[in-house]
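Descriptive analysis of the structure
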Amino acid sequence: MYQLGTNRSVIRDIFEYGNARRAQIGAENVFDFSLGNPNVPAPAKVNETIRELLNTKDDTFLHGYTSAQGAPATREAIAADLNARFGTGFQKDNFYITCGAAASLKIVITALFNEGDEFIAFTPFFPEYRVFVETAGAKLVSVPSRSDNFQIDFSALEQAVTPKTKAVIVNSPNNPSGVVYTEQTIQQLADLLAVKSSEYDHPIYLIADEPYRELVYDGIEVPYLTKYYLDTIVCYSYSKSLSLPGERIGYILIPDETTDAKELYAAVCGAGRALGYVCAPSMMQHVAAVCTGMVSDLSVYQENRDLIYNALTQYGFTCIHPDGAFYLFMKTPTPDAAEFCELAKEFELLLVPADSFGTPGFVRIAYCVSTDMIRRSLPAFQALAKSCGLC
Ligand code: PLP
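Let me begin by describing the structure that accompanies this report. (Residues numbered from 1 in each chain as written. Predicted model: local features only at pLDDT ≥ 70, side-chain atom pairs only at ≥ 80, totals over all residues. Heavy atoms only, no water.)

1. Points about the pattern of salt bridges
- A complete count under the given rule lists 16 salt bridges for this structure.
- As a salt-bridge pair, Asp 32 and Arg 22 come within 3.1 Å of each other at their nearest N and O atoms. Of this pair, Asp 32 sits in strand S1 (residues 31-32) while Arg 22 sits in helix H2 (residues 10-25), placing them 10 residues apart in sequence. No difference in accessibility class separates Asp 32 from Arg 22, as the two residues are buried.
- Here Arg 85 makes a salt bridge to Glu 214, at a shortest N to O gap of 2.7 Å. Of this pair, Arg 85 sits in helix H5 (residues 72-86) while Glu 214 sits in the loop between strand S6 (205-209) and strand S7 (232-237), placing them 129 residues apart in sequence.
- Taking the relative accessible area as the measure of exposure, Arg 85 reaches 32% and is therefore partly exposed.
- In this structure Glu 214 comes out as buried when scored by relative accessible area, which is 10%.
- Among the ionic contacts, a cluster of salt bridges with common partners joins Arg 75, Lys 92 and Asp 93. (Salt bridge = Lys/Arg side-chain N within 4 Å of Asp/Glu carboxyl O. Helix = DSSP H or I, 4+ residues; strand = E, 2+ residues; numbered from the N terminus. Buried < 20%, exposed > 50% of the residue type's maximum accessible area, 1.4 Å probe, protein only.)

So, in structure tokens, the structure goes:
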């Protein structure tokens with residue numbers, strides 16, 4: 001725990017560097033692409049709902065504990081919204097409300113864990129997966145994605161699955177690649193896990209980490225995983241869809257069809273209790289009951305994505321085309337991404353080396369920033385490309 005507390009994440013370090021630099025040369029001269037903090041405000045309905053709740057509801061209702069699983073009305077509203085959008089048949093008792101995706105993941109991993117278990121994740125992945133899995137006592141097995149399109153490399157996955165595999169974690173749309181898994185990828189994943197589950201005579205669960213589900217562009221569809229694989233557990237968050245990352249609200253979904261669903265749900269309640277969560281923030285639960293299914297203004301992210309992707313590829317950089325989330329994944333012209341990020345700092349560009357996501361030779365550029373900052377940063381990117389001999 002001391003090590004976790006003292007080894008700060010690379011992203012936080014860059015952010016702190018940015019703060020110091022902003023104080024030195026003025027905020028308008030620093031182009032900070034380090035943090036995945038949504039810059040688009042929450043939908044107006046969120047604040048309207050908060051005001052209405054404050055004006056109409058009793059304080060003890062608003063600020064009091066809810067049941068550990070979450071307020072029944074919130075769970076009912078989420079079930080109704082998903083059923084309307086995806087043709088599913090969920091009910092309130094399939095849901096456990098959490099303090100965001102991080103809590104959802106940590107609770108689910110803790111609930112599933114037995115001695116000796118392994119959890120698989122595909123690189124590049126959110127670095128906290130390693131923290132959540134290893135502090136639960138399990139082993140994280142990382143499997144590289146296909147290098148051409150960052151979809152799943154099935155031969156690599158097949159080699160990595162063993163009788164010890166308890167679950168596979170997927171994150172689509174992906175942080176940091178922006179890639180959305182195709183329906184074919186999902187179907188193939190479901191088929192492989194079904195075969196392996198029956199070969200090893202125990203379920204291999206699929207954990208769908210979905211904070212970016214609604215953040216997709218050009219009408220791309222994100223397949224709803226429970227419809228493809230019965231042993232799917234969804235870890236959802238409103239941090240990105242409603243731009244509420246500081247409010248800490250999300251949920252875990254365990255469909256009835258999941259193996260040992262009732263026991264698993266009870267274990268989730270147990271893990272939430274053991275981890276000291278008590279219940280998710282009460283007022284935000286009431287907001288989620290009204291606003292679930294709504295999305296912040298995606299046109300800003302879409303404009304940002306087009307602007308930065310088109311410019312950077314024109315300058316000669318190689319980038320993965322992001323279909324979702326708000327990150328651009330760029331190959332570094334030289335193999336050492338950390339060195340490249342140091343060079344970028346000379347142009348006041350703050351980028352994140354992807355080594356901590358398990359994919360050396362790439363950087364993550366978070367474009368959830370103002371469109372104006374992206375426009376002003378383009379000459380710096382062009383100068384960076386020139387200094388690398390790209391244009
Ligand atoms: N999973 C992924 C892939 C993320 O990118 C993030 C946050 O950036 C999380 C989980 C945690 O999200 P939350 O703020 O809901 O805990």
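2. Some remarks on unusual backbone geometry
- Residue Pro 124 is bonded to the preceding Thr 123 through a cis peptide linkage, with omega at 0 degrees.
- Position of Pro 124 among the secondary structure elements: in the loop between strand S3 (118-123) and helix H7 (128-135).
- For the bond running from Ser 172 to Pro 173, omega is -5 degrees, close enough to zero to count as cis.
- Mapped onto the fold, Pro 173 is located in the loop between strand S5 (165-170) and helix H9 (183-200).
- Positive phi is not limited to glycine here, since Asp 218 has a value of about 60 degrees.
- Relative to the elements of secondary structure, Asp 218 occurs in the loop between S6 and S7.
- The backbone of Val 278 sits at a positive phi, close to 65 degrees, despite the residue not being glycine.
- One can find Val 278 in the loop between helix H10 (261-274) and helix H11 (282-291).

3. Describing the site of the ligand
- Around the ligand, 13 residues are found, and the nearest of them are Asn 175, Asp 209, Tyr 212, Ser 237 and Arg 248.
- Separating an oxygen atom of the ligand from a backbone N or O atom of Ala 102 is a distance of 2.9 Å.
- Asn 175 is positioned with one of its side-chain polar atoms (N or O) 2.7 Å from an oxygen atom of the ligand.
- Bound to the protein, the ligand loses 92% of the 400 Å² it would expose on its own. (Near = heavy atom within 4 Å. Polar contact = N/O pair within 3.5 Å; in protein donor to acceptor, adjacent residues only side chain to side chain. Areas by Shrake-Rupley, 256 points an atom, 1.4 Å probe, with all protein chains shown as cover.)

4. Points about the environment of Ala 77
- Note on placement: Ala 77 falls in helix H5.
- Ala 77 gets classed as partly exposed once you look at its relative accessible area, which sits at 21%.
- Each C-alpha atom of the pair Ala 77 and Leu 206 lies 24 Å from the other, and the pair is 129 residues apart in sequence.

5. Some remarks on the state of the cysteines
- The tally for this structure, following the rule as stated, stands at 0 disulfides.
- Sulfur of Cys 235: no disulfide; nearest cysteine sulfur belongs to Cys 99 and is 13 Å away.
- Between Cys 291, a free cysteine, and Cys 99, which holds the nearest cysteine sulfur, the sulfur-to-sulfur gap is 18 Å.
- Exposure remark for Cys 291: the relative accessible area of 0% places this residue in the buried category. (Disulfide = S-S within 2.5 Å.)

6. Notes on the packing of aromatic side chains
- Under the counting rule described, the total for this entry stands at 19 aromatic pairs.
- On the numbers, 6.0 Å between centres and 75 degrees between planes, the contact of Phe 126 with Tyr 129 is edge-to-face.
- Exposure remark for Tyr 129: the relative accessible area of 2% places this residue in the buried category.
- With a centroid separation of 5.5 Å and an interplanar angle of 90 degrees, the aromatic rings of Phe 150 and Phe 362 are classed as edge-to-face. Of this pair, Phe 150 sits in the loop between strand S4 (139-144) and helix H8 (154-160) while Phe 362 sits in strand S13 (residues 362-366); the two residues are 212 residues apart in sequence, bridging distant segments of the chain. (Phe/Tyr/Trp six-rings, centres within 6.5 Å; stacked < 30°, edge-to-face > 60°.)

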